[in-house]
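Working through the structure, step by step
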Amino acid sequence: ERGVKLDLLNIPFDDRKTFELFGKGETVGLFQLEGRGMTAYLRELKPETLGDITAMIALYRPGPMANIPTYCSRKLGREKVEYIHPALKPILEPTYGIITYQEQVQQIARDMAGYTLAEADLLRRAMGKKIKAEMDAQRGRFLKGATERGVDEDTAVTIFDACAKFAEYGFNKSHSAPYAFITYQTAYLKAHFPREFFAASMTLDMGNTDKLDEFRRDANKHGIEIVPPCVNRSEGMFTARAGKIFY
């Protein structure tokens, strides 16, 4: 309506204004990031890349969530990045030494214990389902492969247990990255076209009065006026016109 042409697949993915929105915890209406807990962690993390958003979406699950404070501290340089074994560095360096994705568990099994990728996927599934007999067999397979490659047994046990603990709730990066992509798109719209963003969001949730009030308060916080219902001016949905949002 304003003559702005927008291709969401070709927006800049290093937009400072968008990342400032994340860092301030302005998450109302953002895909996957709404909620007080996530908002607080984003303020602490101060995301700077799409990879940071991808990691946060993966970590904000039961289990891995306990690692978020450590992840933030390491990312911001407040805590030293450490690895249980030097061979883990190339696998876990992008996530500051913390197992964040299921694919990392598979890569650890392949690189440290000689698993094929197909075997590593069986390991991941066994860990997720917590089948004791299968887990015992996988533990023996992992320890044997790791020790044959020069990893001492105690360290191999520690690594296997860390993988097993994570895999029970772990997220795969191939799932988290597309989520982060959509999350970023919604944040970009909110950062650059807030009136249209709020109008569209409120139209989507027009049957949910609690959600409408949340959007109304957030819009007011951003200095956007919402014009009350009016028989002469209101349309069939929420609209952004003349710098305002019309109910």
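The preceding data block contains the structure.
Overview of the structure.

Calculation criteria
All chains use their own residue numbering, which begins from 1 and follows the written sequence. Under the rules for a predicted model, residues below a pLDDT of 70 receive no local features and side-chain atom pairs below 80 are neither given nor counted, while totals for whole chains, interfaces and linings still include all residues. With hydrogens and water set aside, each side-chain value is computed from the structure's full complement of heavy atoms. Numbered from the N terminus, helices here are DSSP runs of H or I no shorter than four residues, and strands are runs of E no shorter than two. Throughout, the radius of gyration refers to the C-alpha atoms, and the reference size of a globule is 2.2 Å times the residue count to the power 0.38. Pairs of residues are marked as contacts when any of their non-hydrogen atoms sit within 4.5 Å. Just so you know, the count uses Lys and Arg for positive and Asp and Glu for negative, and it drops His and the chain ends. Taken as the charge centre is NZ of Lys, CZ of Arg, CG of Asp or CD of Glu, depending on the residue. The rule is simple: take the accessible area with a 1.4 Å probe, protein chains only, and divide by the maximum for that residue type; under 20% is buried, over 50% is exposed, in between is partly exposed. At least two bridges found by DSSP between two strands are what make those strands a pair. Inter-axis angles, ranging from 0 to 180 degrees, are taken between N-to-C directions of lines fitted to C-alpha atoms, where helices are fitted over the stretch in contact. Crossing chirality is assigned from the near helix's rotation relative to the far helix, an anticlockwise turn below a right angle marking it left-handed and a clockwise turn marking it right-handed. Residues are grouped as follows: Ala, Val, Leu, Ile, Met, Phe, Trp, Tyr, Cys and Pro are nonpolar; Asp, Glu, Lys and Arg are charged; all remaining types, including Gly, are polar. Angles are sorted into four bins: roughly parallel if under 35 degrees, roughly antiparallel if over 145, roughly perpendicular if 65 to 115, and oblique for all others. By this rule, a helix spans an expected 1.5 Å times one less than how many residues it contains. Here the arc refers to the set of directions running from the helix axis out to each C-beta atom.

Concerning the overall build of the protein
Helices and strands together make up the secondary structure of the protein, namely 12 helices and three strands. Here the protein has a C-alpha radius of gyration of 23 Å; the compact-globule value for 247 residues is 18 Å, and the former is much larger. Viewed in the frame of its principal axes, the protein has a C-alpha envelope of about 80 × 35 × 30 Å. Sequence-distant contacts, at least 24 apart, represent 60% of the contacts inside the protein between residues at least 6 apart. Where the 35 positive side-chain charges of the protein centre and where its 33 negative ones centre are 3 Å apart.

A short note on helix α11 (residues 194–204)
Those residues of α11 that fall on the buried side of the exposure criterion are Pro194, Phe197, Phe198, Ala199, Ser201 and Met202. In this structure, the buried residues of α11 make contact with α10 (173–192), α12 (209–221), β1 (226–227), β2 (239–241) and β3 (244–246).

Remarks on the environment of Ile57
Residue position: Ile57 is located in helix α3 (residues 50–59). Its relative accessible area of 1% is what places Ile57 among the buried residues. Considering only alpha carbons, one finds Ile57 and Ala146, 89 residues apart in sequence, at a separation of 31 Å. With sequence-adjacent residues up to four places away left out, Ile57 is seen in contact with Gln32, Leu33, Met38, Phe171, Ser176, Tyr179, Ala180 and Thr183.

Here's the deal with the sheet that holds β2
Paired through backbone hydrogen bonds, the strands of a sheet run either parallel or antiparallel to each other. Strand order across the open sheet formed by three strands is β1-β3-β2, with mixed pairing between neighbours. This sheet does not close on itself; its edge strands, each paired only once, are β1 and β2. With three bridges connecting them, β2 and β3 associate as antiparallel partners. Each bridged residue has a counterpart across the sheet, and for Arg241 the counterpart in β3 is Lys244.

With respect to the side chain of Thr186
With respect to the helices and strands, Thr186 occurs in helix α10. The class for Thr186 is buried, based on a relative accessible area of 17%. With residues up to four places along the chain from it excluded, the contact list for Thr186 reads Leu30, Phe31 and Phe197.

Concerning the packing of helix α2 (residues 36–45) against α3
At their nearest, the axes of α2 and α3 sit 12 Å apart, and the two run at 145° to each other. α2 and α3 meet at a crossing whose hand is right-handed. Counted together, Met38, Tyr41, Leu42 and Leu45 of α2 and Asp52, Ile53, Met56 and Ile57 of α3 form the full contact between these two elements. Of the residues that constitute the contact of α2 with α3, the class distribution is seven nonpolar, no polar and one charged.

Remarks on the packing of helix α1 (residues 16–23) against α10
Close contact between α1 and α10 brings their axes to 9 Å; oriented N to C, the two are set at 100°. Relative to α10, α1 is oriented roughly perpendicular. Together, Lys17, Thr18, Phe19, Leu21 and Phe22 of α1 and Thr183, Tyr184, Ala187, Tyr188, Lys190, Ala191 and His192 of α10 make up the contact between the two elements. A per-class count over the contact of α1 with α10 returns seven nonpolar, three polar and two charged.

Some details on helix α7 (residues 117–129)
In a regular helix each residue adds 1.5 Å, so 13 residues correspond to 18 Å; α7 covers 18 Å between its end C-alpha atoms and thus fits that length. Residues of α7 that are buried: Ala120, Leu123, Arg124, Ala126 and Met127. Taken around the axis of α7, the buried residues stretch over an arc of 165°, which confines them to a single face. Residues of α7 that are exposed and point more than 90 degrees away from the buried face comprise Ala118 and Lys129. Lys130, located one to two residues past α7, shows a positive phi value of around 55°.

Let's talk about unusual backbone geometry
Despite not being glycine, Tyr96 has its phi angle at roughly 55°, a positive value. Along the chain, Tyr96 turns up in the loop between α5 (89–92) and α6 (102–113). Phi at Ala242 is positive, roughly 55°, even though this residue is not glycine. Its location among the elements puts Ala242 in the loop between β2 and β3.

Don't take any of this as a statement about function, it's just geometry.
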